[in-house]
Amino acid sequence: MRRTLAALGGLGLALACSQFPEYAQQYEQRLGGAVDELKILVADFDADAAKFGLNRHDALQRYNSSHDQFIVARGRSMQVTLDRYARLSADLVDLQGAGPLQRLYHLNDYFDSEIGARALAAYKPAVPVTAEGFMWAIGGFLIGYLLVSVVLGFVTLPFRWRRGRVPHRRVPMW
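Report on the accompanying structure. (Residues numbered from 1 in each chain as written. Predicted model: local features only at pLDDT ≥ 70, side-chain atom pairs only at ≥ 80, totals over all residues. Heavy atoms only, no water.)

What to know about the overall build of the protein
For step 1, the next point in the chain: For the protein, the count of helices and strands is eight helices and zero strands.
For step 2, the next point in the chain: Across the 174 residues in the protein, those meeting the buried criterion constitute 28%.
For step 3, the next point in the chain: A separation of at least 24 residues holds for 78% of the contacts in the protein among residues at least 6 apart in sequence.
For step 4, the next point in the chain: Accessible area of the protein: about 12500 Å², with a carbon and sulfur share of 64%. (Helix = DSSP H or I, 4+ residues; strand = E, 2+ residues; numbered from the N terminus. Buried < 20%, exposed > 50% of the residue type's maximum accessible area, 1.4 Å probe, protein only. Contact = heavy atoms within 4.5 Å. Areas by Shrake-Rupley, 256 points an atom, 1.4 Å probe, with all protein chains shown as cover.)

Notes on the nonpolar core
For step 1, the next point in the chain: Core analysis: the largest hydrophobic core is formed by 21 residues, its most contacted members being Tyr 27, Leu 31, Phe 45, Leu 82, Leu 88 and Ile 115.
For step 2, the next point in the chain: Of all the secondary-structure elements, those providing two or more residues to this core are helix 2 (20-51), helix 3 (56-64), helix 4 (69-96) and helix 7 (114-122).
For step 3, the next point in the chain: Sort the elements by how many residues they give to this core and helix 2 lands first, with nine residues. (Core = buried A, V, L, I, M, F, W, Y, C linked by side-chain atoms within 4.5 Å.)

A short note on the environment of Pro 128
For step 1, the next point in the chain: For Pro 128, the location among the structural elements is in the loop between helix 7 and helix 8 (131-162).
For step 2, the next point in the chain: The spacing of Pro 128 and Ser 18 is 110 residues in sequence and 6.3 Å in space, taken between C-alpha atoms.
For step 3, the next point in the chain: If sequence neighbours within four positions are ignored, Pro 128 has contacts with Ser 18, Gln 19 and Gly 133.

Thoughts on the side chain of Arg 103
For step 1, the next point in the chain: Along the chain, the position of Arg 103 falls in helix 5 (residues 102-105).
For step 2, the next point in the chain: At 3.3 Å, the side chain of Arg 103 forms a polar contact with the side chain of Glu 28. (Polar contact = N/O pair within 3.5 Å; in protein donor to acceptor, adjacent residues only side chain to side chain.)

Remarks on the pattern of salt bridges
Pairing between side chains becomes possible if they bear opposite charge and their charged atoms approach one another.
For step 1, the next point in the chain: Tallied over the full model, the rule gives four salt bridges.
For step 2, the next point in the chain: For Arg 103, the salt bridge is made with Glu 28, and the minimal N-O distance between the two is 3.3 Å. One end of the pair, Arg 103, is in helix 5; the other, Glu 28, is in helix 2, and 75 residues separate them in sequence. For the residue pair Arg 103 and Glu 28, the accessibility class agrees, reading buried in each case. (Salt bridge = Lys/Arg side-chain N within 4 Å of Asp/Glu carboxyl O.)

Focus on the packing of helix 2 against helix 3
For step 1, the next point in the chain: In contact at an axis separation of 9 Å, helix 2 and helix 3 are set at 85° when each is read in the N-to-C sense. Taken together, the axis directions place helix 2 and helix 3 in an arrangement best described as roughly perpendicular. Judged by residue contacts, Val 42, Phe 45, Asp 46 and Ala 49 of helix 2 engage Arg 56, Ala 59, Leu 60 and Tyr 63 from helix 3.
For step 2, the next point in the chain: The residue inventory of the contact of helix 2 with helix 3, partitioned by class, reads six nonpolar, no polar and two charged. (Axes fitted to C-alpha atoms, helices over the stretch in contact; angles between N-to-C directions. Parallel < 35°, antiparallel > 145°, perpendicular 65-115°, else oblique. Nonpolar A, V, L, I, M, F, W, Y, C, P; charged D, E, K, R; others polar.)

A short note on the side chain of Ser 149
For step 1, the next point in the chain: Within the element layout of this structure, Ser 149 appears in helix 8.
For step 2, the next point in the chain: Sequence-distant contacts of Ser 149, defined by excluding residues within four places in its chain, comprise Arg 2 and Ala 6.

Points about the packing of aromatic side chains
For step 1, the next point in the chain: Counted by the stated rule, this structure contains three aromatic pairs.
For step 2, the next point in the chain: With 5.8 Å between their ring centres and 75° between their planes, Tyr 23 and Tyr 123 make a pair best called edge-to-face. Of this pair, Tyr 23 sits in helix 2 while Tyr 123 sits in the loop between helix 7 and helix 8, placing them 100 residues apart in sequence.
For step 3, the next point in the chain: For Tyr 23, a relative accessible area of 4% corresponds to the buried category.
For step 4, the next point in the chain: Relative accessible area serves as the criterion here: at 17%, Tyr 123 is assigned to the buried category. (Phe/Tyr/Trp six-rings, centres within 6.5 Å; stacked < 30°, edge-to-face > 60°.)

Set out below in structure tokens:
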């Protein structure tokens, strides 16, 4: 019974872990879309600045030195947009170059960011047919099997002691 439950726990975790590559792919697609849209905004800002002989830094300084608070606030929001574009672009480059285990390093980005939350909200499970999905499934099965087996062994230990059925460990004498 214990092995059956451990195998079921392993299969459950295998199924859950096998979904990670699919979710990571959907996150990467959303991240790429966000970077593409921000790239358009940044290019428009740079083009407008260039029309007046300004670079990006000088254009932002013009916003900040204005006496109109609306213009100053607009400059701050443009700075936030530029910073977000730089950060998300770097994240996308890191993610595209990451291997299956390196994606685990970015796990916090997947679930903690605004893009990660939207990807999770729209996520639909998929059958993994890639080597990466298979690897995650095998890893999940092994961890799930071991965890359930250990937990069940710990929970049933008092019952085995009462019946006097705790196996004694024999040390071979060679």
